[in-house]
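Spelled out from the first residue to the last, the chains are:
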Amino acid sequence: MAKISLTLIQTFYEVASHGSFSGAARELNLSYQSAANHVRRLEQILRERLIESEQGAKRISLTPRGRALYNLLHPELDVMLERLTKLIENQRTALRIGMPQAIFFHLLPKVLKRFRQDNPDMEITVYERDTVLAELVKNGSLDVCISERYFGDPVVPQTLLGTYRLSLVYPREWGAKPAPADVPAWAAGRPFITHEPGQTLRNLAFDFLNSGGGDVQPAIATSGSSSVMRCVEEGLGFAILPSWCIDERDARLTSVKLSNLPEVRVYFGHADFLRKNEAVRGLHDVCQSELVGTELEAPAGDSSYVP
């Protein structure tokens, strides 16, 4: 037997309670035809008539099987639906956000501080990911994602928040700064600390370092920019990281802003059905006001939130 949905059961129950398709349709905010179709589908699944209705008649009558089903459901269905309503109404609102580790660690705390001033009762759950963000939004595991990847998927619409530059960072005892154009040659033979395979910043760094035909390979690959930076601080190698990850006051390190690399774009994405959700719109606006002009450069053109 095919699965019986709650929608079909509830429609039948309301038709039987009101004695008409029109009464059930008003109660459930359905069309008359939809209410009738739901009952017919339930009858097909059960392979038995539940309702007798003469054409043009305003009232319906239950068959013996329909009466038995109605008596089975009443009043337990009313109690169950009331409990479900209270459960949903009392559920604490939550927002699930996914982003790379570095964006959460370095950029999001001040965004969340501002956002929670307007949403003090909302629970925020953050998933630190670089890959699979689009899939997590599409399967319902995430509501929002902040990413350096553009998915091009209409189910996960994205808005460009801003851009940033990458920098070379290495232990100060390694000597004088190379010019940005000389970094690929400078890197040859030196231990390279980077992200795990598949991550956006790893791919950008490899493309740059091997652009002249070099063959730079990682000495250490780890999960996120904070871990990469920790390895550089301990003198284990050099890295290419977002400029806002690097503390230029740290006497142990030397950094070189790589102005010869393309800017990295940062996108705000969300599940398409949430495009008019007030919390999602509010988070986007706070990200824009707190990050653009400081850690992120303003994008060219209009990046306003489009409902």
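You'll find the structure just up there.
From a predicted model like this one, the values you see are computed outputs, not experimental measurements.

Each value, and the rule that gives it
Residues numbered from 1 in each chain as written. Predicted model: local features only at pLDDT ≥ 70, side-chain atom pairs only at ≥ 80, totals over all residues. Heavy atoms only, no water. Patch = residues over 30% accessible without salt bridge, like charges linked within 9 Å, V, L, I, M, F, W, Y side chains within 5 Å. Areas by Shrake-Rupley, 256 points an atom, 1.4 Å probe, with all protein chains shown as cover. Salt bridge = Lys/Arg side-chain N within 4 Å of Asp/Glu carboxyl O. Helix = DSSP H or I, 4+ residues; strand = E, 2+ residues; numbered from the N terminus. Core = buried A, V, L, I, M, F, W, Y, C linked by side-chain atoms within 4.5 Å. Buried < 20%, exposed > 50% of the residue type's maximum accessible area, 1.4 Å probe, protein only. Contact = heavy atoms within 4.5 Å. Polar contact = N/O pair within 3.5 Å; in protein donor to acceptor, adjacent residues only side chain to side chain.

1. Examining a nonpolar patch on the surface
Okay, step 1: A surface patch of nonpolar side chains, about 230 Å² in accessible area, is lined by Leu-6, Met-80 and Leu-84.
Okay, step 2: Relative to the helices and strands, Leu-84 is located in helix H5 (residues 76–90).

2. Things to note about the nonpolar core
Okay, step 1: The biggest cluster of nonpolar side chains holds 63 residues, and the ones touching the most others in it are Ile-146, Leu-209 and Leu-283.
Okay, step 2: The element contributing the most residues to this core is helix H6 (residues 101–118), with seven residues.
Okay, step 3: Contacts of Leu-283, omitting those with residues within four sequence positions, involve Leu-95, Ile-97, Val-111, Phe-115, Val-144 and Phe-268.
Okay, step 4: Counting 24 residues, the second-largest nonpolar core is a separate cluster that includes Leu-8, Phe-21, Ala-35 and Leu-69.

3. Some details on the side chain of Gln-158
Okay, step 1: The topology assignment puts Gln-158 in strand E6 (residues 158–164).
Okay, step 2: One polar contact links the side chain of Gln-158 to the main-chain carbonyl oxygen of Arg-149, over a distance of 2.9 Å.
Okay, step 3: Reaching out from Gln-158, the side chain makes a polar contact with the backbone nitrogen of Phe-151 at a distance of 2.7 Å.
Okay, step 4: The residues contacting Gln-158, other than those within four sequence positions of it, are Arg-149, Tyr-150, Phe-151, Gly-152, Tyr-267, Phe-268 and Gly-269.

4. So, the pattern of salt bridges
Okay, step 1: Throughout the structure, instances matching the rule amount to 16 salt bridges.
Okay, step 2: Notably, a salt bridge pairs Arg-149 with Asp-130, separated by 2.8 Å at the nearest N-O pair. Of this pair, Arg-149 sits in the loop between strand E5 (144–147) and E6 while Asp-130 sits in the loop between strand E4 (123–128) and helix H7 (133–138), and the two are 19 residues apart along the sequence.
Okay, step 3: The salt bridge involving Arg-275 is made with Asp-272; its shortest N-O contact spans 2.6 Å.
Okay, step 4: Residue classification places Arg-275 among the partly exposed positions, given a relative accessible area of 25%.
Okay, step 5: For Asp-272, a relative accessible area of 32% translates into the label partly exposed.
Okay, step 6: Within the structure, one salt-bridge network assembled from shared partners comprises Arg-230, Glu-233, Glu-234, Asp-250 and Arg-252.

Taken by themselves, the reported measurements are silent on function.
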